[in-house]
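# Topology and contacts: notes
Single-letter residue listing:
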Amino acid sequence: GSVPLNDIPVWTPTAGSSEPSRYQRNDKLDQKISLYSGDITKLEIDAIVNAANKTLLGGGGVDGAIHRAAGPLLKKECASLHGCETGEAKITCGYGLPAKYVIHTVGPIAQGGVGEEERKALRLCYKNSLKTATENAARSVAFPCISTGIYGYPPEQAVHEALATVREYLDAHHDKLDRVIFCVFLPTDKELYLQNLPLYFPAG
Ligand code: ADP
C-alpha cells in the first residue's frame with residue numbers, strides 16, 4: 001500500500017553531534033524534515049522528485065521505478081516536455097502514483113570526478129525542484145539521492161549538497177512548504193543522512 005504523509009515521521013534534531021553544526025537553529029523549520037527509508041513511489045504526498053536523464057523518457061534506477069509505478073501516461077506527458085537540462089526541473093502529473101506530481105530533475109554525471117561544475121549542478125537540482133514544487137503549490141516533497149546511483153556522484157559528498165541546499169531554500173521559503181522528505185534507499189545512505197542532518201538542522 002501507499003504511505004500517507006501522516007505516517008512519515010518527522011525528523012527531530014538531536015543535540016550533541018560529534019561535529020559542530022554548519023547552520024544556526026531555525027525553529028520555523030521544526031517539523032518540516034523527514035528521513036524516510038524505502039521506495040519513493042509509495043509516498044502519498046504532493047510531489048516526488050525523479051532523478052531523470054535529459055531525455056525524460058525513462059531509464060533505470062529510481063527513474064525506472066517511478067515510470068513503472070506511474071504507468072504509460074507518465075511517459076506520454078514526459079515526451080511532450082522536450083527533455084530537461086542538467087540542474088533544471090520539470091513537473092508532470094503522478095498518474096498511477098499515490099503522489100500528485102512528479103518533479104523530474106537531471107543530476108550531473110560525476111563518473112569523471114566531482115568538480116565545481118558538478119557540485120553546482122547538483123545544488124541546482126535540489127533548488128529548482130523545490131522552486132517548481134512551490135510554484136505549483138506542492139507543500140510536501142520527497143527527494144531520492146540524486147546522481148548517487150548510475151550517475152556516480154559520491155554519496156558522502158552529495159549528502160552535503162542536498163542538505164545545504166534544502167536548508168537554504170527552507171530558510172527563505174519555510175511558509176511555502178510543510179515537509180521535505182529525504183528518501184533513502186540504501187542503508188549506507190540512511191547512515192550518511194543520520195550523521196549529517198544535525199549539521200544542517202541543529203537542535204540548539
Ligand atoms: P542517478 O542516475 O541520478 O544516479 P539512480 O536512480 O541510479 O539515479 O540512483 C539514485 C538513487 O536512487 C540511488 O541512491 C538509488 O539507490 C535510489 N533508488 C533506486 N530506486 C529507488 C526507489 N524506488 N525509491 C527511492 N530511491 C531509489
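Every value quoted in this text rests on a predicted model; they were computed, and no experiment measured them.

## Here's the deal with the site of the ligand
Neighbouring residues of the ligand: 21 residues in total, closest Ala 51, Gly 61, Gly 149, Tyr 151 and Phe 185. Considering every element that reaches the shell around the ligand, the biggest residue donor is helix 1 (residues 61-70), with four residues. Split by residue class, the shell around the ligand holds 12 nonpolar, six polar and three charged.

## As for helix 4 (residues 155-173)
Taking 1.5 Å as the rise per residue, helix 4 with 19 residues should run 27 Å; its terminal C-alpha atoms sit 26 Å apart, in good agreement. On its buried face, helix 4 sits against helix 3 (116-135), strand 7 (140-143), strand 8 (179-184) and helix 5 (187-200).

## Some thoughts on the packing of helix 3 against helix 4
It is the contact of helix 3 with helix 4, at a shortest axis distance of 9 Å, that shows an interaxial angle of 35°. Handedness of the crossing formed by helix 3 with helix 4: right-handed. In this structure, helix 3 uses Arg 119, Leu 122, Arg 123, Tyr 126, Lys 127, Leu 130 and Thr 134 to contact helix 4, whose residues at the interface are Ala 158, Glu 161, Ala 162, Thr 165, Val 166, Tyr 169 and His 173. Grouping the constituent residues of the contact of helix 3 with helix 4 by class yields seven nonpolar, three polar and four charged.

## Thoughts on the packing of helix 4 against helix 5
One can describe the packing of helix 4 onto helix 5 by two numbers: an axis separation of 10 Å at closest approach and a directional angle of 40°. Taken as axis vectors, helix 4 and helix 5 run oblique relative to one another. Seen from above, helix 4 lies across helix 5 with right-handed handedness. Residue-level contacts link Pro 155, Glu 156, Val 159, His 160, Leu 163, Ala 164 and Arg 167 of helix 4 to Thr 188, Asp 189, Leu 192, Tyr 193, Asn 196, Leu 197 and Tyr 200 of helix 5. Within the contact of helix 4 with helix 5, the residues separate by chemical class into eight nonpolar, three polar and three charged.

## Brief notes about helix 5
Side chains that are three or four residues apart share a direction in an α-helix, a result of its 3.6 residues per turn. The terminal C-alpha atoms of helix 5 lie 20 Å apart, and with 14 residues this matches the ideal 20 Å at 1.5 Å per residue to within 8%. At Leu 194, helix 5 shows its maximal kink, close to 25°; a proline, Pro 198, follows between one and four residues later. Looking only at helix 5, the buried set comprises Asp 189, Leu 192, Tyr 193, Asn 196, Leu 197, Pro 198 and Tyr 200. Tucked inside the fold, the buried residues of helix 5 contact strand 2 (33-37), helix 4 and strand 8.

## A short note on the pairing of strand 4 (residues 47-52)
Counting buried residues in strand 4 gives six out of six residues, a clear majority hidden from the surface. Where burial is concerned, the two faces of strand 4 agree: the one with Ala 47, Val 49 and Ala 51 and the one with Ile 48, Asn 50 and Ala 52 are both buried. As judged from the six bridges shared by strand 4 and strand 6 (residues 101-106), these two strands associate in the parallel manner. The partner of Asn 50 across the bridge, within strand 6, is His 104. When strand 4 meets strand 7, the two strands line up parallel, connected through two bridges. The partner of Ile 48 across the bridge, within strand 7, is Ala 142.

## Some words on the sheet that holds strand 6
With mixed pairing, the six strands of this open sheet are ordered in space as 2-8-7-4-6-5. The outermost strands of the open sheet, each flanked by one partner alone, are strand 2 and strand 5 (89-93). Pairs of neighbouring strands in the sheet enclose a mean axial angle of 25°, with direction left out of account. Strands strand 4 and strand 6 of the sheet are contacted by helix 1, whose axis makes an angle of about 130° with strand 4.

## Thoughts on the confidence of the model for the protein chain
Per-residue confidence for the protein chain gives a mean pLDDT of 96; residues scoring 70 or more make up 98%. Confidence scores differ between elements of the protein chain, with helix 5 showing the lowest mean pLDDT of 96 and strand 7 the highest of 99. Under the prediction, the complex receives an ipTM of 0.99, its pTM being 0.98.

Cut-offs used in this document
Residues numbered from 1 in each chain as written. Predicted model: local features only at pLDDT ≥ 70, side-chain atom pairs only at ≥ 80, totals over all residues. Near = placed C-beta within 6 Å. Helix = DSSP H or I, 4+ residues; strand = E, 2+ residues; numbered from the N terminus. Nonpolar A, V, L, I, M, F, W, Y, C, P; charged D, E, K, R; others polar. Expected span 1.5 Å × (residues − 1). Contact = placed C-beta atoms within 7 Å. Axes fitted to C-alpha atoms, helices over the stretch in contact; angles between N-to-C directions. Left-handed = near helix turned anticlockwise from the far one by under 90°. Parallel < 35°, antiparallel > 145°, perpendicular 65-115°, else oblique. Bend = angle between axes of the 7 residues up to and from the residue. Buried ≥ 20, exposed ≤ 12 C-beta atoms within 10 Å, placed from the backbone. Pairing = 2+ DSSP bridges. pLDDT = per-residue confidence, 0-100.

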